[in-house]
Amino acid sequence: MQKALSRLFKVTLFIAMAAFWLFSCKPKIKDADIQTQIQNNPVLSHLVATVKDGVVTLSGECKDLAEKEACENVVKQIPGVKSVVNNATIAPPPAPPVEIAADDPLTKGVADALKDHPTIKATVAEGVISVTGEATAANWRKVKIALDGLKPKKVDASGLTIKN
Amino acid sequence: MALQDKYRQLVDTAVATGVNNLQIREQDGVLYIDGEAPSGAIKDRLWDIYGSIDPNFLSGDVVMNINVATAVPGARVKVVTERSNLNIRKGPGTDQPIVGKAAHKEIITLVSKANDQWWLVRTDDGEEGYAYAQYLAPVE
């Protein structure tokens with residue numbers, strides 16, 4: 001009985017020591033190694049990382065929140081990383097598509113713009129203003145400025161003749 | 001992106017001269033340039049550059065809509081017709097009846113903007129109505 005107890009004691013002691021050894025002598029991973037791992041990961045190539053005592057600070061720009069979180073998770077998986085400070089910013093949303101005026105307001109706007117320029121003619125179809133007739137360069141410039149302000153899809157003046 | 005290269009000088013100048021809310025978008029073979037120039041002189045300069053890249057604006061690959069920041073309600077604006085008087089109309093459109101006239105080179109007040117084309121104006125004689133914005137330039 002005493003022998004068994006002693007044996008149990010020895011096994012317990014061994015486990016305790018082994019556990020102590022495992023945790024205390026866990027090979028320490030250097031910040032520089034973490035840095036290298038991050039730099040060599042193509043998924044993280046657009047971000048800048050600084051590492052201090054196992055704490056990784058990320059900066060740079062991600063295209064959206066999902067990508068920002070994904071990058072953070074990749075870094076957390078790297079051995080030796082204790083925590084991640086994610087300072088990456090999210091790219092602004094892409095510019096909204098160009099607003100093109102409907103043909104009815106465009107046609108009305110074109111009529112207003114051409115009222116004082118009877119030698120210039122124009123038609124509107126699907127947002128495109130097609131200009132014909134003739135004009136001096138100076139007058140055409142004024143009309144072009146006015147037409148561009150109507151939010152057309154395009155001002156096609158290939159049919160216009162410029163007089164001297 | 002090809003159009004942005006062709007018109008790079010125009011876009012760069014718009015940025016350098018402080019055009020506000022500048023939006024440069026390329027869509028279906030057309031470069032759309034929108035923004036608000038700090039002055040009428042800068043707007044003119046941008047149109048000069050556009051005209052130097054595409055003489056007489058005949059290519060049809062740019063739609064440039066630049067407003068002038070100083071054209072705000074309450075501003076004084078000058079009638080810049082070629083020589084005639086400027087019609088003041090009851091509503092925003094050439095189909096609207098004429099309710100008054102502002103003389104060539106007369107300075108009047110911009111009351112508000114119905115849209116980019118038609119501005120509500122008031123003459124110093126008290127005549128009020130809509131005038132075509134192209135013939136009005138802010139006094140700077």
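The shown structure was predicted, so the numbers you read here are calculated from the model rather than taken from an experiment.

S.K.: How would you explain the domain arrangement of chain A if you had to name every residue and give the values?
M.R.: If you check the domain split of chain A, you get domain 1 (2-90) and domain 2 (103-163). Distance between the C-alpha centres of domain 1 of chain A and domain 2 of chain A: 66 Å.

S.K.: Lay out the packing of aromatic side chains with the relevant residues and their values.
M.R.: Residues and elements named next belong to chain B. Applying the stated criterion across every chain yields a total of 6 aromatic pairs over all chains. Relative to phenylalanine 57, the ring of tryptophan 47 has its centre 5.4 Å away and its plane inclined at 75 degrees; by these criteria the two rings are edge-to-face. One end of the pair, tryptophan 47, is in helix α3 (residues 40-53); the other, phenylalanine 57, is in the loop between α3 and β3 (62-68), and 10 residues separate them in sequence. The exposure classification of tryptophan 47 matches that of phenylalanine 57, with both residues buried. Here the aromatic rings of tyrosine 50 and phenylalanine 57 are separated by 4.8 Å at their centres, their planes lie at 65 degrees, and the arrangement is edge-to-face. The same class applies to tyrosine 50 and to phenylalanine 57, which are both buried.

S.K.: Describe in detail the domain arrangement of chain B, supporting the description with residues and values.
M.R.: In terms of domain boundaries, chain B breaks down into domain 1 (2-68) and domain 2 (76-138). Just the C-alpha atoms count here: the centres of domain 1 of chain B and domain 2 of chain B sit 27 Å apart.

S.K.: Account for the side chain of B:Asp34, naming residues and giving values.
M.R.: Among the structural elements, B:Asp34 can be located in strand β2 (residues 30-37). By relative accessible area, which is 17% here, B:Asp34 ends up buried.

S.K.: Can you lay out the interface of chain A and chain B for me, pointing to particular residues and giving the numbers?
M.R.: Each partner contributes to the interface: chain A provides 34 residues, whereas chain B provides 32 residues. Of all residues in chain A, A:Val98, A:Asp112 and A:Arg141 bury the most surface against chain B, accounting for 23% of the area lost on that side. Summed over the shared surface of chain A and chain B, the number is 3 salt bridges. A salt bridge links B:Glu82 to A:Lys142; its shortest N-O distance comes to 2.7 Å. Along the contact surface separating chain A from chain B lie 18 residue pairs in polar contact (both at pLDDT 80 or more). For the side of chain A that touches chain B, the secondary-structure elements that each account for two or more residues are α4 (103-114), α5 (137-148) and β7 (154-163) of chain A.

S.K.: Please set out the pairing of strand β7 (residues 107-113) of chain B residue by residue, giving values where relevant.
M.R.: All names here are of chain B. Strand direction decides the pairing type here: strand β4 (residues 76-79) and β7, joined by 3 bridges, are antiparallel. Residue pairing for β7: valine 77 is matched across the bridge by isoleucine 108. In terms of strand pairing, β7 meets strand β8 (residues 118-122) through 4 bridges, oriented antiparallel. Residue serine 112 lies in a different strand from β8, and its bridge partner there is leucine 120. As consecutive antiparallel partners, β7 and β8 are separated by 4 residues.

S.K.: How would you sum up the pattern of salt bridges? Please name residues and give values.
M.R.: A complete count under the given rule lists 13 salt bridges over all chains for this structure. We note a salt bridge from A:Asp116 to A:Lys115, for which the minimum N-O separation is 3.0 Å. For A:Asp116, a relative accessible area of 40% corresponds to the partly exposed category. Given the relative accessible area of 39%, A:Lys115 is considered partly exposed. Salt-bridge contacts for B:Asp61 lead to B:Lys6; the nearest nitrogen and oxygen are separated by 2.7 Å. Of this pair, B:Asp61 sits in the loop between α3 and β3 while B:Lys6 sits in helix α1 (residues 2-6), and the two are 55 residues apart along the sequence.

S.K.: Any details on the nonpolar core? Residues and values, ideally.
M.R.: Core analysis: the largest hydrophobic core is formed by 49 residues, its most contacted members being A:Val131, A:Trp140, A:Leu147, B:Met64 and B:Leu136. Considering each element in turn, this core owes the most residues, 5 residues, to α3(B). Residues A:Ala49, A:Val75, A:Ile78 and A:Val81 belong to the second largest nonpolar core, which totals 15 residues.

Here is what the cut-offs are and how they apply
- Residues numbered from 1 in each chain as written.
- Chains lettered and ligands numbered in written order.
- Predicted model: local features only at pLDDT ≥ 70, side-chain atom pairs only at ≥ 80, totals over all residues.
- Heavy atoms only, no water.
- Domains from an automatic or database assignment.
- Phe/Tyr/Trp six-rings, centres within 6.5 Å; stacked < 30°, edge-to-face > 60°.
- Helix = DSSP H or I, 4+ residues; strand = E, 2+ residues; numbered from the N terminus.
- Buried < 20%, exposed > 50% of the residue type's maximum accessible area, 1.4 Å probe, protein only.
- Contact = heavy atoms within 4.5 Å.
- Buried area = accessible area lost by both parts, 1.4 Å probe.
- Salt bridge = Lys/Arg side-chain N within 4 Å of Asp/Glu carboxyl O.
- Polar contact = N/O pair within 3.5 Å; in protein donor to acceptor, adjacent residues only side chain to side chain.
- Pairing = 2+ DSSP bridges.
- Core = buried A, V, L, I, M, F, W, Y, C linked by side-chain atoms within 4.5 Å.

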